[in-house]
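Residue-level structure breakdown
The lines below spell out each chain.
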Amino acid sequence: MIVAGDSLPLGNDLPAPRPADLLAWYDAHRRVLPWRAAPGGKADPYHVWLSEIMLQQTTVATVGPYFQRFLARWSTVADLAAVDLDEVLKEWAGLGYYARARNLHACAKAVVARHGGRFPVDEAALLDLPGIGAYTAAAIAAIAFDRPATAMDGNVERVMSRIYAVTDPLPGSKPRLKALAAALVPEKRPGDYTQALFDLGATLCSPRSPRCVLCPWMAACRGRRDGLAELLPLKAEKAAKPTRRGVAFWLTNARGQVLLRRRPESGLLGGMMEVPSSAWEPGVDLAYTRALGWAPAAADWQRLPGVVRHTFTHFHLELTVVRGHLDDDGAAVEGVWCTPADFHDQALPTVMRKVVAWARGGGKD
């Protein structure tokens, strides 16, 4: 049993992890990813930046098609900077964490305005761009420009915690893990080394059932030696997510169109389109009659059975869907009227696509 904070001496009984061993493994087993340069090739900073923003809290399998579509439409950062934000949000729809899309567009504009369409090389200048934090700046510096930077993502934290048997729980152990990782970054091929660490964590040093016998750093791993590898990294207990509830209003007009509206630019799902809804409020009871006060128009609202459920980073959401109809074209109602067949042209986030499916199915998936 591990006790958080146990002090495990590094000792001299195991060899130090050698970057050269990891690089040799990477040369033989590297993943083929659409944003990666071919072996020996030079990475495109635009590709690196775009993929890193997309990959934040999202899987490689999910990001691949989005990345390809973005490149097909906007092959350079200048192309991306030149389009309206709404176009970016439409392509981003379904990828989640929509502040990333707004920052992506703002960053593209900043790169063009401040740096002539070329990403800066050093981490400090990268950090000054919208939507780029410490991890992303380090990843771009290392992968795109071969700078000896330390990019710490969940894969790297897991590898370091196991290699050095760090039993202090995350997030408190982050500074120590970063210091340990920084000490290993080689001067030669730091970009390949960074990607090798990502691949090691994603393919061998996985959260469950790590394949230690295939790991190039097996002999140096204190976590494996002490039988702790699968238990690390420890994480502090998370507070239970609260549940918020609201009402979504599916309103149709005489033309068979549905009312949509744009959410405020700031805040959750900022700038995205939505089926109009009430406030999303915490608590066990939904004040249904009060929520109808948020209705976009007077109508004979009919409540559909069940609820639409969706989970955000910090809370669960349950939306009751009600349907109403107007006998005219609804021109006096604020919002955008759109036929369901044209919904693909709207920047509807995943939660709203669930609402659409629920409403069209009469309260069934």
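Residues numbered from 1 in each chain as written. Predicted model: local features only at pLDDT ≥ 70, side-chain atom pairs only at ≥ 80, totals over all residues. Heavy atoms only, no water.

As recorded by an unreviewed UniProt entry, the protein carries the name Adenine DNA glycosylase and is attributed to Nitrospirillum amazonense. According to the UniProt record, the Function (unreviewed entry) comment for the protein reads "Adenine glycosylase active on G-A mispairs. MutY also corrects error-prone DNA synthesis past GO lesions which are due to the oxidatively damaged form of guanine: 7,8-dihydro-8-oxoguanine (8-oxo-dGTP)." According to the UniProt record, the Catalytic activity (unreviewed entry) comment for the protein is "Hydrolyzes free adenine bases from 7,8-dihydro-8-oxoguanine:adenine mismatched double-stranded DNA, leaving an apurinic site." (UniProt positions renumbered as here; feature names shortened; annotations may be inferred.)

Here's the deal with the packing of helix α8 (residues 134–145) against helix α11 (residues 190–203)
The geometry of α8 relative to α11 is characterised by a closest axis approach of 7 Å and an angle of 125° between their N-to-C directions. Classified by the angle their axes make, α8 and α11 are oblique. Contact residues: α8 offers Tyr135, Ala142 and Ile143, while α11 offers Pro190, Gly191, Thr194, Gln195 and Phe198. A class-by-class count of the residues in the contact of α8 with α11 yields five nonpolar, three polar and no charged. (Axes fitted to C-alpha atoms, helices over the stretch in contact; angles between N-to-C directions. Helix = DSSP H or I, 4+ residues; strand = E, 2+ residues; numbered from the N terminus. Parallel < 35°, antiparallel > 145°, perpendicular 65-115°, else oblique. Contact = heavy atoms within 4.5 Å. Nonpolar A, V, L, I, M, F, W, Y, C, P; charged D, E, K, R; others polar.)

Some words on the side chain of serine 278
Tracing the backbone through its elements, the reader meets serine 278 in the loop between β3 (273–274) and β4 (281–282). Excluding residues within four positions of it along the chain, serine 278 makes contact with Gly246, Val247, Phe249, Ala291 and Trp294.

Things to note about empty space enclosed by the protein
For the coordinates displayed, the defined rule picks out three cavities of 30 Å³ or more. The volume enclosed by the largest cavity comes to roughly 100 Å³. Residue contributions to the lining of the largest cavity peak at three residues, all from helix α9 (residues 154–163). The residue inventory of the lining of the largest cavity, partitioned by class, reads eleven nonpolar, no polar and three charged. (1 Å grid on protein atoms, 1.4 Å probe; cavity = no way out; pocket = protein on both sides within 12 Å on 5 of 7 lines; lining within 4 Å. Points joined across faces, edges and corners; volume = space filled by probe spheres on them.)

Some remarks on the UniProt feature "domain: HhH-GPD" (unreviewed entry) in the protein
In the numbering used here, UniProt assigns the "domain: HhH-GPD" (unreviewed entry) feature to residues 54–203. Taken end to end, residues 54–203 is 65% helix and 0% strand, and its first and last C-alpha atoms sit 20 Å apart.

What to know about the domain arrangement of the protein
Looking at the protein, the domain boundaries give domain 1 (19–226) and domain 2 (243–360). Each of domain 1 and domain 2 has a C-alpha centre, and the two are 36 Å apart. Listed by partner, the interface residues are ten residues for domain 1 and 15 residues for domain 2. Contact between domain 1 and domain 2 buries roughly 890 Å² in total, counting both sides, with carbon and sulfur atoms accounting for 50%. (Domains from an automatic or database assignment. Buried area = accessible area lost by both parts, 1.4 Å probe.)

Quick notes on the layout of surface pockets
In this structure, the largest pocket encloses a volume near 1200 Å³. Forming the walls of the largest pocket are 38 residues, and the residues nearest its centre are Leu55, Gln57, Asp153, Gly154 and Asn155. Secondary-structure elements contributing two or more residues to the lining of the largest pocket are α2 (45–55), α8, α9 and α11. A per-class count over the lining of the largest pocket returns 19 nonpolar, eight polar and eleven charged. When its volume is computed, the second largest pocket comes out at roughly 420 Å³. Lining the second largest pocket are 22 residues, and of these Gly96, Tyr97, Leu268, Phe312 and Thr313 sit closest to its centre.

Observations regarding the environment of alanine 72
The topology assignment puts alanine 72 in helix α3 (residues 60–73). We classify alanine 72 as exposed; its relative accessible area is 67%. Along the backbone, alanine 72 and proline 233 are 161 residues apart, and their C-alpha atoms lie at a distance of 39 Å. (Buried < 20%, exposed > 50% of the residue type's maximum accessible area, 1.4 Å probe, protein only.)

Overview of the side chain of threonine 150
With respect to the helices and strands, the residue threonine 150 is situated in the loop between α8 and α9. With residues near it in sequence (within four places) discarded, threonine 150 still touches Ala138, Lys178, Ala181, Ala182 and Val185.

Digging into the pairing of strand β2 (residues 258–262)
Sheet topology places β2 next to strand β8 (residues 336–338); three bridges connect them, and they run antiparallel. Opposite valine 258, over in β8, you have cysteine 338 as the bridge partner. (Pairing = 2+ DSSP bridges.)

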